[in-house]
Amino acid sequence: MTTIYYGPVINPQTTTYYLALPRCLIAVGPDGNISWIEDDIVGSKLQETIVKHGFVEGDYTLVYLKPGEFIMPGLIDTHIHACQVPNLGVGGEDELLDWLNNYTFPTESRFKDLEYAERAYPDIVNRVISSGTTTSCYYGSLHLEATKLLATIVQQKGQRAFVGKCNMNWHSPPYYVEPSVEESMETTVALLEYIGELPQSPANEPLVHPIITPRFALSCTEELLTKVGELAKTLPHVAIQTHISENQKEVQDTLETFQADSYAGIYDKYGLLRSNTILGHGVWLTEKEMDLIAKNGAGVAHCPTSNFYLSSGMARVGMLLDHGIKVGLGTDVGGGYNPSILYAIQMASTASKMLALQAESEEGHRHHGHCEDSRKEGQFTNKKLGIATLLYLATKGGAEVCCLQDRIGSFEKGKAFDALVVSVRDDETGNPAIWGYNEPRDLGEGQYAQSADLNLKQWLERFLFCGDDRNIRKVIVQGAVIGGKEHHA
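Residues numbered from 1 in each chain as written. Predicted model: local features only at pLDDT ≥ 70, side-chain atom pairs only at ≥ 80, totals over all residues. Heavy atoms only, no water.

**Quick word on a nonpolar patch on the surface**
And step 1. Nonpolar side chains collect at one region of the surface, where Phe308, Met354 and Leu357 lie side by side and expose about 260 Å² of accessible area between them.
And step 2. Within the secondary structure, Phe308 sits in helix α10 (residues 304-309).
And step 3. A relative accessible area of 32% means that Phe308 is categorised as partly exposed. (Patch = residues over 30% accessible without salt bridge, like charges linked within 9 Å, V, L, I, M, F, W, Y side chains within 5 Å. Areas by Shrake-Rupley, 256 points an atom, 1.4 Å probe, with all protein chains shown as cover. Salt bridge = Lys/Arg side-chain N within 4 Å of Asp/Glu carboxyl O. Helix = DSSP H or I, 4+ residues; strand = E, 2+ residues; numbered from the N terminus. Buried < 20%, exposed > 50% of the residue type's maximum accessible area, 1.4 Å probe, protein only.)

Set out below in structure tokens:
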């Protein structure tokens with residue numbers, strides 16, 4: 001049966017513009033795709049509009065949003081380590097390479113025990129969905145069976161995702177390393193085949209996609225990178241995910257190990273830098289590398305929470321955008337200590353403000369003769385990221401990074417309905433951080449409501465900066481409610 005939603009809708013359009021539609025109708029067909037959208041429909045015209053589209057009572061379910069509720073596209077996490085969720089909030093005194101050895105590899109190695117994976121992964125995926133993430137790019141551990149289990153659980157819970165098993169046969173501890181190139185490739189192919197056989201969505205397409213996952217250059221011998229690149233060449237439709245230029249010591253060790261002058265060039269050499277490659281971090285990319293990434297059409301997963309927590313640095317997202325690179329947001333759990341993309345939005349805003357302040361400071365020093373001009377001109381470089389840009393990165397930008405922009409990330413006829421029903425109502429969310437919708441308090445005698453679109457824009461901003469899972473009433477993927485406070489499994 002068709003479900004028709006009526007109420008306020010936020011719909012991202014570009015990096016600088018989004019639609020705030022106070023009275024919108026969205027019809028979602030039985031296949032979970034959007035059948036039609038109508039804007040600016042007053043209540044008295046509601047039934048007339050529905051009938052115009054050929055529906056009679058009994059053909060559809062009408063969902064009215066309450067005052068203080070709105071619909072927006074689901075959040076997209078372009079970089080998350082599912083097997084690191086048990087590690088959240090631990091090890092922040094270390095930088096990347098020490099953190100991996102002291103905390104992360106021991107945590108990931110536990111997933112060799114399939115019984116542990118069976119206990120842990122359902123809880124992990126539930127937490128991610130509850131945070132409002134409708135699409136995740138999951139890194140599993142190096143273990144085939146545990147990663148197959150992760151893919152199965154994600155599919156059963158109805159989340160859209162990419163799931164990959166790490167390739168890592170080098171520079172890893174003896175208890176957590178693949179024994180050979182052959183085993184690494186055999187298990188990778190086995191996972192690709194397994195995920196390819198999972199049930200499809202009502203729209204007759206996969207919800208869960210396989211993704212080729214060389215952990216990062218340092219974890220793979222040249223022979224393994226060669227074999228992974230050869231496999232990728234035979235599967236151009238299968239995405240690739242890896243890390244790049246996260247930490248200065250990592251960059252230095254990588255360039256020395258591979259006797260290279262470009263981290264991005266290493267991936268390009270092995271055929272791993274292409275339009276469906278998702279590069280985690282990119283904190284220390286040079287402009288020459290940015291040009292190469294843009295030329296090849298690859299995307300970057302910006303993970304500011306992790307970059308602050310592990311003292312990695314601040315990715316120059318504005319410069320990436322000005323170079324024409326696709327950018328989405330990632331939680332990078334567990335380097336990032338919060339599984340919510342909302343928190344990544346907040347940290348992305350903070351990082352952009354810090355970079356803007358640094359640039360202004362350097363400009364001031366230059367005028368006083370203290371340094372050369374390092375300020376770059378551009379629409380986004382060294383500038384604060386606005387609400388429209390942050391929203392875009394979390395939704396439509398993430399969809400572009402995943403090469404799913406024709407299916408998700410915004411609301412259009414024919415796209416999948418991946419959405420959140422958000423509430424900023426004081427009477428039912430229990431979130432003390434949001435000064436939310438409370439009509440008796442805020443619209444008393446002599447007070448007047450603001451314009452509906454202004455209210456909606458403020459609701460969005462409050463949710464992005466003060467919201468959490470308590471404000472998410474429904475998490476919807478391909479038209480089906482899979483999470484949120486009103487979801488009962």
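**Quick look at the nonpolar core**
And step 1. Within the largest apolar cluster, 114 residues are counted, with the highest numbers of intra-cluster contacts made by Phe70, Met72, Tyr121 and Tyr138.
And step 2. At 8 residues, helix α3 (residues 114-130) tops the list of elements feeding residues into this core.
And step 3. Membership of the second largest hydrophobic core comes to 15 residues, among which are Ile34, Ile71, Val421 and Ile476. (Core = buried A, V, L, I, M, F, W, Y, C linked by side-chain atoms within 4.5 Å.)

**Quick look at α3**
And step 1. Helix length check: α3, at 17 residues, gives a terminal C-alpha distance of 24 Å against a target of 24 Å (1.5 Å per residue), a fit within 8%.
And step 2. The largest bend along α3 reaches roughly 30 degrees and is located at Ala120, with the proline Pro122 sitting one to four residues downstream.
And step 3. Within the span of α3, buried status applies to Tyr116, Ala117, Ala120, Tyr121, Ile124, Val125, Val128 and Ile129.
And step 4. Buried residues along α3 sit against β6 (75-81), β7 (133-139), α4 (144-157), β16 (472-477) and β17 (480-483).
And step 5. For α3, the side-chain oxygen to backbone nitrogen distance between the N-cap and Glu115 is 3.0 Å, and the N-cap itself is Asp113.
And step 6. With its phi angle positive at about 95 degrees, Gly132 sits one or two positions after the end of α3. (Expected span 1.5 Å × (residues − 1). Bend = angle between axes of the 7 residues up to and from the residue. Contact = heavy atoms within 4.5 Å. Polar contact = N/O pair within 3.5 Å; in protein donor to acceptor, adjacent residues only side chain to side chain.)

**Here we look at the side chain of Thr147**
And step 1. Locating Thr147 in the fold gives a position in helix α4.
And step 2. For Thr147, a relative accessible area of 0% gives the class buried.
And step 3. Excluding anything up to four places from it in sequence, Thr147 contacts Gly140, Ser141, Val163, Gly164, Lys165 and Leu191.

**Some remarks on the pattern of salt bridges**
And step 1. Scanning the model with the defined rule gives 21 salt bridges in all.
And step 2. One salt bridge in this structure joins Glu428 and Lys66, with 3.1 Å as the shortest N-O distance. Of this pair, Glu428 sits in helix α15 (residues 426-429) while Lys66 is found in the loop between β4 (60-64) and β5 (69-73), placing the two residues 362 residues apart along the sequence.
And step 3. Accessibility expressed as a relative area gives 26% for Glu428, which makes it partly exposed.
And step 4. The class for Lys66 is partly exposed, based on a relative accessible area of 38%.
And step 5. In this structure, Lys165 engages Glu178 in a salt bridge whose closest nitrogen and oxygen atoms are separated by 2.6 Å. Pair noted here: Lys165 is in the loop between β8 (160-164) and β9 (166-167) and Glu178 is in the loop between β9 and α5 (181-196), with a separation of 13 residues, a long-range link.

**Some remarks on the packing of α5 against helix α6 (residues 222-234)**
And step 1. The geometry of α5 relative to α6 is characterised by a closest axis approach of 10 Å and an angle of 25 degrees between their N-to-C directions. Classified by the angle their axes make, α5 and α6 are roughly parallel. For the pair α5 and α6, the sense of crossing is right-handed. The segment α5 lies against α6, with Val181, Glu182, Ser184, Met185, Thr188, Val189 and Leu192 engaging Glu223, Leu224, Lys227, Val228 and Leu231.
And step 2. Of the residues assigned to the contact of α5 with α6, the class counts are 7 nonpolar, 2 polar and 3 charged. (Axes fitted to C-alpha atoms, helices over the stretch in contact; angles between N-to-C directions. Parallel < 35°, antiparallel > 145°, perpendicular 65-115°, else oblique. Left-handed = near helix turned anticlockwise from the far one by under 90°. Nonpolar A, V, L, I, M, F, W, Y, C, P; charged D, E, K, R; others polar.)

**Description of the state of the cysteines**
And step 1. Inspection of the entire model under this criterion finds 0 disulfides.
And step 2. No disulfide involves Cys303; its sulfur sits 10 Å from the nearest other cysteine sulfur, which is in Cys137. (Disulfide = S-S within 2.5 Å.)

**Quick word on the pairing of β7**
Each regular strand displays side chains that alternate between the two surfaces of the sheet.
And step 1. Counting buried positions along β7 gives 7 out of 7 residues, so the element sits mostly inside the fold.
And step 2. Of the strand pairs in this sheet, β6 and β7 are connected by 5 bridges, and their pairing is parallel. Paired with Asp77 across the two strands is Ser136, which belongs to β7.
And step 3. Sheet topology places β7 next to β8; 5 bridges connect them, and they run parallel. Bridge pairing in β8 places Ser136 opposite Ala161.
And step 4. The parallel pair β7 and β8 is bridged by α4, and the resulting crossover is right-handed. (Pairing = 2+ DSSP bridges. Right-handed = clockwise from strand over helix to strand, strands pointing away.)

**Some details on the packing of aromatic side chains**
And step 1. Applying the stated rule across the entire model yields 14 aromatic pairs.
And step 2. Put simply, the rings of Tyr5, Phe411 and Phe417 pair up and form one aromatic cluster.
And step 3. The cationic tip of Arg110 hangs over the ring face of Tyr116; the distance from NZ or CZ to the ring centre is 3.9 Å.
And step 4. Residue placement shows Arg441 over the ring face of Trp435; its charged tip is 3.6 Å from the ring centre. (Phe/Tyr/Trp six-rings, centres within 6.5 Å; stacked < 30°, edge-to-face > 60°. Lys NZ or Arg CZ within 6 Å of the ring centre and 35° of its normal.)

**As for unusual backbone geometry**
And step 1. With an omega of 5 degrees, the peptide bond between Val333 and Gly334 qualifies as cis.
And step 2. Structurally, the position occupied by Gly334 is in the loop between β14 (326-329) and α12 (341-367).
And step 3. In the Ramachandran plot, Cys403 falls in the positive-phi region, its phi being about 60 degrees despite a non-glycine side chain.
And step 4. Its location among the elements puts Cys403 in the loop between α14 (396-401) and β15 (419-423).
And step 5. Note on Cys403: relative accessible area 37%, which makes it partly exposed.

Honestly, that's just the spatial picture; any functional story needs more than this.
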